[in-house]
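# Architecture and fold: a report
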Amino acid sequence: MRCHMGAVALAVLLCAELIAAGGDDPRLQIERLRKDAIKRAEPAVCCVLVSRSDRYARLFNAGPVSESNGRLGSFNLPNAQTKDVDILKLDLSTAVPESYGSGVVIDPKGLILTNNHVINGATKIFLRFPSGKGCYADIHAADPRSDLAVLRVIEDRSAKLLPLPAIKIGDASAMEKGDEVMSIAYPFAVGFRDGSPSASWGIVSNVRRRGSRAVNETDLNKRTLDHVGTLLQVDARLNNGCSGGALLDLNGELIGLTTAQAAISGSETPGGFALPLNAPMKRIVEQLRQGKEIEYGFLGVSGNQGPSLAGVTIIGVTPNSPAHHAGLQPGDRILKINDELVYELDDLFLHIGVALAGSEVKIEYQHGGFGPNLHTKARLAKFYVAGKMIASNRPPAPRGLRVDYASILAQRYRGLRVPSGVVVREVLPGSPADTARLQPDKVITQVNHRDIQTPADFYREMEANTGPVVLTIQSPEGRVDEVRVETK
């Protein structure tokens, strides 16, 4: 107690000396930084108003939101219908929505970052900004595993908003316990009418928090990244509606996206949580900004960790997986992925996942769990993510055919080896691929008798052939068929 009181007395004495010498009180300096940071960031934080009513589809003759279509549209009804009071209750610019959230402008051209759970299942989205202006929005891209989504504003003649004030994205990698942070969000949609968000401040309570514990790679396809320990825990007050809000450092830079869902479902309830914008998460945000699907990396191992040893001991290797081709075997102990230490399974699956499919990772391991450290490399396949994904920028569909990594079949049907080739993901109706009776989940191993292993291989071969192509199809039983696909 005496030591503590002595430290306090010393701090007060130093502050008094600074003031006497003409300097500022450090507490006042921090307060000014805090206020300046909030003032700069506030114009970039908006209220996200969401409706999940199915009546919009009937009113506008629209179909359901799909992978290729996140277009929800605005609320422009024919004049004959605008007098219908019941219909006007669906206009989110004036009516109370079903749910609320927050969002942060990351691109002045009208892109807003928010949580996927805020807009999941949405049929209409309206954004209200601190200026009081608002507009409807489409879903530019959405990813259930990171729980992130990017919205795109729909600008009309009555609400010219662009360019929007975008927030500067910082780096959460350096955040430590005790670092001061601020949040700006819309708790309980207080900004529904006036567009003004609420600010709060506190410190980082902890890092690498998780919502629940993950056990195995194959069990992760229904879980978000926060379940493998990615969250920042802060003691700033975060309530319902704060999901998608901005977590700032003292420079006013965005270092996290606040999420109320983790506080509700997780074991840690005091304070709040945020998805940190470190290098891997910023890579994911950039993919979403481009409207692309997030293709997480898949190595193809299951494992466990001992009570005291660092690293993960492999207990199973999926046949024909990247791990298999890299020479990994049951009993080997993985120590590092891309020079990142692996202490437990969550570390392994996090580092592999955020490396993304198609990338090459360095693996440091011990054969049999002992002996010298060995090194190998693996070209990652794709991790299967359950849930609805939306990407407005999708690869072309040559001859009406889109394909995917065959590794997703080994995860959807557990125990299956990873097939060689690619798997049919989508066949466009009325296309040459449809005429050739190709179907989803069929495995294509060759294009014009040239072996293919990845979607990039498939699209390259299809683009190189302007005439009819012959696709080699292999069934799970090993039967091989050839299908001719015409140009038209």
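The structure presented is a predicted model; accordingly, all values stated were derived computationally and were not measured. (Residues numbered from 1 in each chain as written. Predicted model: local features only at pLDDT ≥ 70, side-chain atom pairs only at ≥ 80, totals over all residues. Heavy atoms only, no water.)

The next thing to look at is the side chain of Ser-407. Within the secondary structure layout, Ser-407 lies in helix H10 (residues 407-412). Residue classification places Ser-407 among the buried positions, given a relative accessible area of 1%. Setting aside chain neighbours within four positions, we find Ser-407 in contact with Phe-298, Ala-381, Lys-382 and Val-418. (Helix = DSSP H or I, 4+ residues; strand = E, 2+ residues; numbered from the N terminus. Buried < 20%, exposed > 50% of the residue type's maximum accessible area, 1.4 Å probe, protein only. Contact = heavy atoms within 4.5 Å.)

Further remarks concern the sheet that holds strand E9 (residues 231-234). Spatially, 6 strands are ordered E7-E8-E9-E12-E11-E10 in a closed barrel, and the strand pairing comes out antiparallel. Taken over all neighbouring pairs, the strand axes of this sheet differ in orientation by 45° on average, direction set aside. Its contacts with the sheet place helix H2 (residues 26-41) against strand E7 (180-185), strand E8 (198-209) and strand E10 (246-248), and it is angled at close to 30° to E7. (Pairing = 2+ DSSP bridges. Axes fitted to C-alpha atoms, helices over the stretch in contact; angles between N-to-C directions.)

Before going further, it helps to spend a moment on helix H7 (residues 279-289). When we look at burial in H7, the residues that qualify are Met-281, Ile-284, Val-285 and Leu-288. Seen end-on, H7 carries its buried residues on one side only, within an arc spanning 100°. Looking at the buried residues of H7, the elements they touch are strand E2 (99-107), strand E3 (111-115), strand E5 (134-143), strand E6 (148-154), strand E12 (272-276) and helix H9 (345-355). If you check the start of H7, you find a side-chain oxygen 3.2 Å away from the backbone N of Met-281, and it comes from Asn-278. Gly-291 occupies a position one or two residues after H7 and carries a positive phi of about 80°. (Arc of directions from axis to C-beta. Polar contact = N/O pair within 3.5 Å; in protein donor to acceptor, adjacent residues only side chain to side chain.)

The next thing to look at is the pairing of E7. Burial within E7 is extensive, with 6 of its 6 residues counted as buried. Covered by surrounding structure in E7 are Glu-180, Met-182 and Ile-184 together with Val-181, Ser-183 and Ala-185, the residues of both alternating faces. When E7 meets E8, the two strands line up antiparallel, connected through 6 bridges. Looking at the pairing, Met-182 lines up with Trp-201 of E8. One ladder, built from 3 bridges, connects E7 with E10; its direction is antiparallel. Residue pairing across strands places Met-182 opposite Leu-248, the latter belonging to E10.

This part is about the pattern of salt bridges. What the rule picks out here adds up to 21 salt bridges. One salt bridge connects Glu-426 with Arg-394, and the closest N-O pair in it is separated by 2.9 Å. Taken as a pair, Glu-426 in strand E23 (residues 422-427) and Arg-394 in the loop between strand E21 (390-391) and strand E22 (401-405) lie far apart in primary sequence, 32 residues in all. Of the residues examined, Glu-426 reaches a relative accessible area of 22% and is grouped as partly exposed. (Salt bridge = Lys/Arg side-chain N within 4 Å of Asp/Glu carboxyl O.)

Here the focus is the confidence of the model for the protein. Chain-level pLDDT for the protein is 85 on average; 82% of the residues reach the 70-or-more range. Overall, residues 1-14 carries pLDDT values under 50, and its contacts beyond four positions in sequence, including any with other chains, amount to 0 contacts. pLDDT under 50 marks residues 212-218. Its contacts with residues more than four places away, or in other chains, come to 22 contacts. (pLDDT = per-residue confidence, 0-100.)

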